[in-house]
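# Residue-level structural notes
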Amino acid sequence: MKPAPFNYHVPRSVEEVTTLLASLENAKVLAGGQSLVPMMNFRYVIVDHIVDLAKVEGLAGISITNGRMRIGAMTRQRELEFSPEVARYCPLMREALLHVGHRQTRNRGTIGGSLAHADPAAELPTVCAAHDAVIEIVSRRGTRKIPFHEFNLAFMTTAIEPDEIVTAIELPLWASGHGYSFNEFSRRRGDFAIVGAATLIEIDPDLMVQRASLRLCGVGIGPLRITAAEAALVGKRFDRGTARAAAAAAKAITPISDIHASSDYRRHLAEVLAFRTLRDAAERCGVRI
Amino acid sequence: MAKRSISLKVNGRLYEQDVEPRLTLVDFLRNELDLTGTHVGCEHGVCGACTVLIDGRSARSCLTFAVQADGCELMTVEGLAPADGELGVLQQAFRDQHGLQCGFCTPGMLMSLTELLRDNPDPSEEEVRDVLTGNLCRCTGYAGAVAAALEAARRLRTQRGA
């Protein structure tokens, strides 16, 4: 199928973008196009104006200051996948990226686009959730920073207003040597996850869990924090029993049922993947169970 | 909707043309430039038949509008053969190793692998398979295509060493 006709705009600065968005009716922002363009080809999305961010100055790049990694919204998934900074300071993201589409789509897909599209099974939002990322959003009205837990409002709906764009994502980094693991189950390599899990963990030399973060994707409207699992870990000695108990907490959810999997099956996957990511994350900080 | 003027290089040749913004790059290549080697499959980024190189990076040409390629350098399957009637190294390896049957997915596979072999002259079978997950093939079961990619890598290394 072919997309419906639209007007095309190629602004060069964030100011130009926000000026356009403040005045245009029924406009949509184009980042890497790997989710938006299929929807346009299917005519799920019909817009009067496309505002392409590809030529906007200063929207791409990775920098680290004061324990935070700042990623420009137009940074391509490929750049993140091959970035030494990401591999070193945010290895969870690097591992998750290997599940994001295929090399041919990661070459164009962007982190900002992935967050704005907000597919409930998408990997990058799950990583941002696990890191308690802050999303920087700009419009003519000013700049605001939203914590990730206030970003996803409903199914494929975010806090971004029609006149706003995401300009950057800030990830608070975990201490060096932290454990991390991303794992997912999908029918075919590169598909969206039926269920995915992201775990970050810090375990001290006495095997006590100092810090833990567990998020699931594919089970709700967006990345789901498993607070009970985190509570079952923090302050406890890490062993197989602790990991099992935390994973069991991940099962106490009510996931969606759809053509890909039943709610029951997703609940089963949630427990299995929570356990595997906990086990693998712990192993990466030197604790084998 | 107003047409826009774009200028881009495809396989080393400069083209300047006025296009409708909604025209996808694959339709531009096939219908405006008559470069029909790039195939249109699913038109929503899943099958990979339309894969081309945009500024050296593999991409779905059904998920890119021609206007986005303004100022870019493209390479399509037509750019692989050294001369009319001859085959490039990767193409020859596909022929020798039975890397194709119906041939519909082949242009996309060739472009994905062209990028891989340029970035990594000695890829593992695992890496080849990873890259080819982005190109659906319903005939071969991939064994021939993987063998062809590894064979082409060997031949290219020998060529360079010689």
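Residues numbered from 1 in each chain as written. Chains lettered and ligands numbered in written order. Predicted model: local features only at pLDDT ≥ 70, side-chain atom pairs only at ≥ 80, totals over all residues.

## Some remarks on the overall build of chain B
Note the following rule: Helix numbers and strand numbers start at the N terminus; a helix is a DSSP run of H or I with at least 4 residues, a strand a run of E with at least 2. Atoms counted for the radius of gyration: C-alpha only. Globule rule: 2.2 Å times residue count to the power 0.38. Here a residue counts as buried when 20 or more other C-beta atoms sit within 10 Å of its C-beta, as exposed when there are 12 or fewer, and as partly exposed otherwise, the C-beta atoms being derived from the backbone. Two residues form a contact once the distance between their C-beta atoms, set from the backbone, is within 7 Å.
Counting its regular elements, chain B contains five helices and five strands. Reading chain B from its N end, one meets helices and strands in the order β-β-α-β-β-β-α-α-α-α. The C-alpha atoms of chain B give 16 Å as radius of gyration, which agrees with the globular expectation for 162 residues (15 Å, within 12%). If you line up chain B on its principal axes, its C-alpha atoms span 50 × 35 × 25 Å. When each of the 162 residues of chain B is scored for burial, the buried share is 46%. Pairs at least 24 apart in sequence give 58% of the contacts found in chain B among residues at least 6 apart.

## Details of helix H3 (residues 106–119) of chain B
Residue and element names in this part refer to chain B. The condition is simple: Here the expected length of a helix is defined as 1.5 Å per residue gap, with one fewer gap than residues.
The first and last C-alpha atoms of H3 sit 20 Å apart over 14 residues, in line with the 20 Å expected at 1.5 Å per residue. For H3, the tally of buried residues reaches twelve of 14 residues, placing the bulk of the element in the interior. Burial in H3 covers these residues: Thr106, Pro107, Gly108, Met109, Leu110, Met111, Ser112, Leu113, Thr114, Glu115, Leu116 and Leu117.

## Overview of the domain arrangement of chain B
Residue and element names in this part refer to chain B. The following threshold applies: Bear in mind that the domain bounds are from an automatic or database domain assignment. Under the convention adopted here, Pro, Cys and the residues Ala, Val, Leu, Ile, Met, Phe, Trp and Tyr are nonpolar, Asp, Glu, Lys and Arg are charged, and Gly plus all remaining residues are polar.
Examined at the domain level, chain B breaks down into domain 1 (4–79) and domain 2 (89–161). Centre-to-centre, using C-alpha coordinates, domain 1 lies 22 Å away from domain 2. At the interface, 14 residues of domain 1 touch twelve residues of domain 2. Where the side of domain 1 that touches domain 2 is concerned, the elements lending two or more residues are strand S3 (51–54) and strand S4 (57–60). For the side of domain 1 that touches domain 2, the residue count by class is seven nonpolar, six polar and one charged.

## Quick look at the interface of chain A and chain B
A common way to state how big an interface is: give the accessible area lost once the parts meet. Across the contact, 25 residues belong to chain A and 23 residues belong to chain B. Class assignment of the residues belonging to the side of chain A that touches chain B gives a composition of eleven nonpolar, nine polar and five charged.

## Considerations on the sheet that holds strand S13 (residues 209–217) of chain A
Residues and elements named next belong to chain A. Threshold: Strands are labelled as partners when DSSP assigns at least two bridges between them.
Strand order in the open sheet formed by four strands is S11-S12-S13-S14, with antiparallel pairing between adjacent strands. A single partner strand is all that each edge strand has here, and the edge strands are strand S11 (179–185) and strand S14 (224–225). Inspection of the sheet shows S11 paired to strand S12 (residues 195–203) by seven bridges, in the antiparallel sense. Considered in S12, the bridge of Phe182 is made with Ala198.

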